[in-house]
Structure formats: C-alpha cells, structure tokens
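Residues per chain, in single letters:
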Amino acid sequence: MTGLMVCVAVLLAASAYGLLHQRRSGRLKVRDGERVLGERELGAALGERATLVQFSSAFCQPCRATRRTLTEVSQLVPGVAHIEIDAEEHLQLVRDLDILRTPTVLVLDSRGRLVRRASGQPRKADVIAALGEAV
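Residues numbered from 1 in each chain as written. Predicted model: local features only at pLDDT ≥ 70, side-chain atom pairs only at ≥ 80, totals over all residues. Heavy atoms only, no water.

Visitor: Describe the nonpolar core, listing the residues and the values that go with them.
Guide: Core analysis: the largest hydrophobic core is formed by 14 residues, its most contacted members being Leu42, Val53, Phe55, Ile85, Leu97, Leu106 and Leu108. Taken together, the elements giving at least two residues each to this core come down to β2 (50-56), β3 (80-86), α4 (91-96) and β4 (104-109). Discounting residues that sit within four places of it in the chain, leucine 42 has contacts with Leu37, Val53, Ile83, Ile85 and Leu108. Counting residues in hydrophobic clusters, the runner-up holds 13 residues, among them Leu70, Val73, Val115 and Leu131. (Core = buried A, V, L, I, M, F, W, Y, C linked by side-chain atoms within 4.5 Å. Buried < 20%, exposed > 50% of the residue type's maximum accessible area, 1.4 Å probe, protein only. Helix = DSSP H or I, 4+ residues; strand = E, 2+ residues; numbered from the N terminus. Contact = heavy atoms within 4.5 Å.)

Structure follows, in structure tokens:
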C-alpha cells in the first residue's frame with residue numbers, strides 16, 4: 001500500500017511540474033534592460049527599430065518553427081531584424097547570456113538593449129506584443 005501511495009505522489013508531483021513547465025515555456029519575460037548587445041557580439045547589424053535574436057541548435061525541432069515565426073514577424077514589422085545564432089558555435093555568448101535551452105529568443109530595442117526574453121517556442125502574437133515595447 002505504501003508503494004502505491006509513493007507512486008501516486010510521484011505522479012502528481014511530475015504532472016504539476018509538467019503543467020508549470022508547459023505554461024511557462026515560450027513566454028516572453030521582462031528583463032532588467034541593463035544588458036546591451038551590438039554587432040560585435042551578434043555578428044550582424046541590429047534592426048533599425050528592434051532586433052529578434054534566436055539561439056538555436058542543429059537538431060532542435062522547435063527552433064525551426066521559431067525561425068519561421070520570427071522571420072514572418074520581421075517581414076511584417078518594418079525596421080525589425082531577425083538574427084539566428086548557432087548556440088554550439090557561440091558557447092561564450094551562450095554562457096554570458098545564461099542561455100540554458102534552445103530555442104531562446106531575445107528581443108532587443110534599436111540600441112541593442114535587452115527588453116524581453118523567452119525560452120522555448122514563442123507565439124507570434126507574443127513576439128509582436130514584445131516588439132511593441134521595444135520600438
């Protein structure tokens with residue numbers, strides 16, 4: 001009987017963690033805005049109004065969908081650039097920015113100041129809303 005209770009408790013805890021993780025994944029969170037990134041760190045020019053920076057890895061399936069979403073948004077909103085960075089090739093930058101998983105998306109304003117950040121695949125509407133704060 002105790003084994004069954006332990007099993008049920010573990011299942012409940014795992015389910016609660018899974019639901020919390022799923023709910024938080026891909027959400028664009030407000031950052032402190034003190035970090036500034038430029039062409040030197042990113043390897044590409046910043047957008048005129050804002051920049052969407054995506055950290056990806058080769059075998060990441062959600063990275064492909066995120067690439068499509070960010071490309072669509074950057075084409076939809078004038079002055080917004082989309083920069084994709086291979087996390088495996090830029091390990092020092094990944095460490096400096098505390099990137100823990102791919103995809104991770106950073107929203108930068110026109111000066112390169114970090115405005116929002118999302119780990120996981122963000123929704124198109126959330127990206128557009130985050131750009132509203134950056135521009």
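Visitor: Describe helix α5 (residues 124-134), with residues and values.
Guide: Working note: α-helix, 3.6 residues per turn, so residues spaced by three or four point in the same direction. Buried within α5 are the following residues: Val127, Ala130, Leu131 and Ala134. Seen end-on, α5 carries its buried residues on one side only, within an arc spanning 105°. Buried-residue contacts for α5 involve β2, α3 (61-76), β3, β4 and β5 (114-119). (Arc of directions from axis to C-beta.)

Visitor: Outline the environment of histidine 82, listing residues and values.
Guide: Its place among the elements puts histidine 82 in strand β3. Look at histidine 82 and you get partly exposed, because its relative accessible area is 22%. In the structure, histidine 82 is positioned 29 residues away from valine 53 in sequence and 6.0 Å away in space, judged by C-alpha atoms. With residues up to four places along the chain from it excluded, the contact list for histidine 82 reads Leu52, Gln54, Arg67, Leu70, Thr71 and Ser74. Polar contacts involving the side chain of histidine 82 include one to the side chain of glutamine 54, which spans 3.1 Å. A distance of 3.5 Å separates the side chain of histidine 82 from the side chain of threonine 71, its partner in a polar contact. (Polar contact = N/O pair within 3.5 Å; in protein donor to acceptor, adjacent residues only side chain to side chain.)

Visitor: Now, about the state of the cysteines: what can you tell me, with residues and values included?
Guide: One pass over the structure, following the stated rule, counts one disulfide. Two residues share a disulfide in this structure: cysteine 60 and cysteine 63, whose sulfurs sit 2.2 Å from each other. Residues cysteine 60 and cysteine 63 are joined through a disulfide that is right-handed, its torsion about the S-S bond being 85°. A single burial state applies to cysteine 60 and to cysteine 63, both of which are buried. (Disulfide = S-S within 2.5 Å.)

Visitor: How would you summarise unusual backbone geometry if you had to cite specific residues and measurements?
Guide: The omega torsion across threonine 102 and proline 103 is -5°, close enough to zero to call that bond cis. Structurally, the position occupied by proline 103 is in the loop between α4 and β4. We note that aspartate 98 has phi near 60°; this positive angle belongs to a residue other than glycine.

Visitor: So what about the pairing of β5? Which residues, and what values?
Guide: Burial analysis of β5 places five of its six residues in the buried class, the great majority of the element. In the sheet, β4 pairs with β5 via five bridges, with the strands oriented antiparallel. Bridge pairing in β5 links leucine 106 to arginine 117. Once β4 ends, the chain turns through four residues before running back antiparallel as β5, passing glycine 112 with a positive phi of about 90°. (Pairing = 2+ DSSP bridges.)

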